[in-house]
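Chain by chain, the residues run as shown.
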Amino acid sequence: NRWLTSRSLPPGSLERIADTVADRLRVPWFAGAVKVNVSLVPPLVLLPVLLHVAALHFLLGLVILTSLPLVVLWYYYLTHRRKERTLFFLSLGLFSLGYMYYVFLQEVVPRGHVGYSQVVVLTSGLFLMLAALSRAKKDPGYLPIPASSEKPSQQGLTNRSSRGTSNGLHGITTSGAASGRAVNGEAKSYSRMSAEEPEGVKKDWCIKCQLVRPARAGHCRLCGRCVRRLDHHCVWINSCVGEQNHQAFILALSFFMVTSVYGITLTLHTICRGQTPFVALFYCPGAYSDYSSALSFTCVWYCTIVTAGMGYILLIQLLNISYNVTEREARLALRDNTGHRLLGGLVIDTGQYNRGFLCNWGHFLSLGSAPPQRSAEDIV
């Protein structure tokens, strides 16, 4: 009605309409209607349509494959600025894998230039990547939430310390002097030294989770939890990357890179006979001779763009591991101007945990090998 009468919408109307549509979008099921997350739908519908349209002509493919990454980046910054969690990127990644594999079996394999063993190798790499991704989706190392989530005041801390409890604050004794020092330190900077930790290892108080974080732990504003050795929140797995799943995250990226490059090579050898894969990407005369070849060539370019982006992420991760620095620590070092840019700015060395290449990788490979010990105070 407002559109027909040329009247402007009141503030927040579009957001309320979108929330209502998202709440009413349900799928009938045996046990009752199941609510569908709206962010899952766009990749399932738009990706096949855009790729098929891009295969109609070279110029259409150029426009679509150029604009698609820009749209994905725009949506990422939109959700990141609003601190929203979304399944869009996870849905896009998984559906892209499935659809590329389907196009490979339907359009490339029937041409007879791909052997059975090569299909088995490609399929095995895909399943290994999904297995590593499934492991990376599990607990990244969340810190246990205290039983009481109420924000303690100075009065409450003093009273609880007299009863011998600390609500996650390690090292608070029952003496009045020690309690006063803990309260004053907490009120000033929300971080304090633990009596059980060696000198120089700082533990920080998280206001939102109401607990003391160990060294290198951080609070994820998207998940709303504190994570041990927090690296970053990855939108592609819709979860944090921390102490418990960092190895699986690197393994999933590595399997993806190997499998994707192998699939791209097989496809280009099939539709661009007699040319090297790199040359065939930019010059393949028979690519648009028929629709099947055009679709395969378009999917190759789509895979190449995605692989280049994931390759950059993997490169940054490997460099950070080599210098024993996390993405969170690098951002904080840049903000506080305490880090050193190395390798053209690809890595930020804080110098705090760097113990050399071999020791750094040994530390990374041992992450999560022994679960953190819980103190008697945590159990109580």
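Residues numbered from 1 in each chain as written. Predicted model: local features only at pLDDT ≥ 70, side-chain atom pairs only at ≥ 80, totals over all residues. Heavy atoms only, no water.

## Comments concerning the overall build of the protein chain
Part 1 of the reasoning: When its secondary structure is counted, the protein chain shows 13 helices and eleven strands.
Part 2 of the reasoning: Relative to its full complement of 380 residues, the protein chain shows a buried share of 39%.
Part 3 of the reasoning: On the protein chain, roughly 21,800 Å² of surface is accessible, and the fraction owed to carbon and sulfur atoms is 63%. (Helix = DSSP H or I, 4+ residues; strand = E, 2+ residues; numbered from the N terminus. Buried < 20%, exposed > 50% of the residue type's maximum accessible area, 1.4 Å probe, protein only. Areas by Shrake-Rupley, 256 points an atom, 1.4 Å probe, with all protein chains shown as cover.)

## Overview of the packing of aromatic side chains
Part 1 of the reasoning: A full pass over the atoms with the stated rule returns 13 aromatic pairs.
Part 2 of the reasoning: Judged by centre distance (5.9 Å) and plane angle (20°), the rings of Phe-95 and Tyr-99 are stacked. On the criterion of helical spacing, the pair formed by Phe-95 and Tyr-99 is a turn pair, its members being four residues apart in helix α4 (residues 88-108).
Part 3 of the reasoning: Considering the side-chain rings of Trp-361 and Phe-364, the 5.7 Å spacing of their centres and the 80° angle between planes classify their relative orientation as edge-to-face. Here Phe-364 and Trp-361 lie together in helix α12 (residues 357-365), a separation of three residues that amounts to about one turn.
Part 4 of the reasoning: Of note, Arg-216 hangs over the ring of Tyr-353, and the distance from its end group to the ring centre comes to 4.0 Å. (Phe/Tyr/Trp six-rings, centres within 6.5 Å; stacked < 30°, edge-to-face > 60°. Lys NZ or Arg CZ within 6 Å of the ring centre and 35° of its normal.)

## A closer look at the state of the cysteines
Part 1 of the reasoning: According to the stated counting rule, one finds one disulfide in the structure shown.
Part 2 of the reasoning: Here Cys-240 stays unpaired: no disulfide links it, and the sulfur of Cys-220, its closest cysteine neighbor, is 3.3 Å away.
Part 3 of the reasoning: Cys-240 gets classed as buried once you look at its relative accessible area, which sits at 0%. (Disulfide = S-S within 2.5 Å.)

## Details of the UniProt feature "transmembrane region" (unreviewed entry) in the protein chain
Part 1 of the reasoning: When the UniProt feature table is mapped to this numbering, "transmembrane region" (unreviewed entry) covers residues 49-75, 87-104, 116-133, 248-271 and 291-315.
Part 2 of the reasoning: Here residues 87-104 runs as 94% helix and 0% strand, with 26 Å between its end C-alpha atoms.
Part 3 of the reasoning: With 100% helix and 0% strand, residues 116-133 has its two end C-alpha atoms placed 26 Å apart. (UniProt positions renumbered as here; feature names shortened; annotations may be inferred.)

## Thoughts on a nonpolar patch on the surface
Part 1 of the reasoning: Residues Leu-25, Val-38, Leu-40, Val-41, Leu-44, Val-45, Leu-46 and Val-49 make up a contiguous nonpolar surface patch of about 590 Å² in total accessible area.
Part 2 of the reasoning: Within the secondary structure, Val-41 sits in helix α2 (residues 41-54).
Part 3 of the reasoning: Here Val-41 falls in the partly exposed class, since its relative accessible area comes to 31%. (Patch = residues over 30% accessible without salt bridge, like charges linked within 9 Å, V, L, I, M, F, W, Y side chains within 5 Å. Salt bridge = Lys/Arg side-chain N within 4 Å of Asp/Glu carboxyl O.)

## Topic: unusual backbone geometry
Peptide bonds are, in most cases, trans, and in most cases residues other than glycine have a negative phi.
Part 1 of the reasoning: Although it is not a glycine, Arg-229 adopts a positive phi angle of roughly 45°.
Part 2 of the reasoning: Its place among the elements puts Arg-229 in the loop between β7 (225-227) and β8 (232-234).
Part 3 of the reasoning: Under the relative-accessibility criterion, Arg-229 is labelled buried at 5%.
Part 4 of the reasoning: Here the phi dihedral of Leu-343 falls at roughly 55°; this positive angle occurs in a residue that is not glycine.
Part 5 of the reasoning: Following the sequence through the fold, Leu-343 ends up in the loop between β10 (340-342) and β11 (347-349).

## A few points about the packing of α2 against α4
Part 1 of the reasoning: Viewed as axis vectors pointing N to C, α2 and α4 meet at an angle of 45°, and their least axial separation amounts to 9 Å. Regarding the angle of α2 to α4, the classification is oblique. For the pair α2 and α4, the crossing hand works out as right-handed. Contacts between α2 and α4 involve Pro-42, Pro-43, Leu-44, Leu-47, Pro-48, Leu-51 and His-52 from the first element and Phe-88, Ser-91, Leu-92, Phe-95, Ser-96, Tyr-99 and Met-100 from the second.
Part 2 of the reasoning: Looking at side-chain class alone, the contact of α2 with α4 contains eleven nonpolar, three polar and no charged residues. (Axes fitted to C-alpha atoms, helices over the stretch in contact; angles between N-to-C directions. Parallel < 35°, antiparallel > 145°, perpendicular 65-115°, else oblique. Left-handed = near helix turned anticlockwise from the far one by under 90°. Contact = heavy atoms within 4.5 Å. Nonpolar A, V, L, I, M, F, W, Y, C, P; charged D, E, K, R; others polar.)

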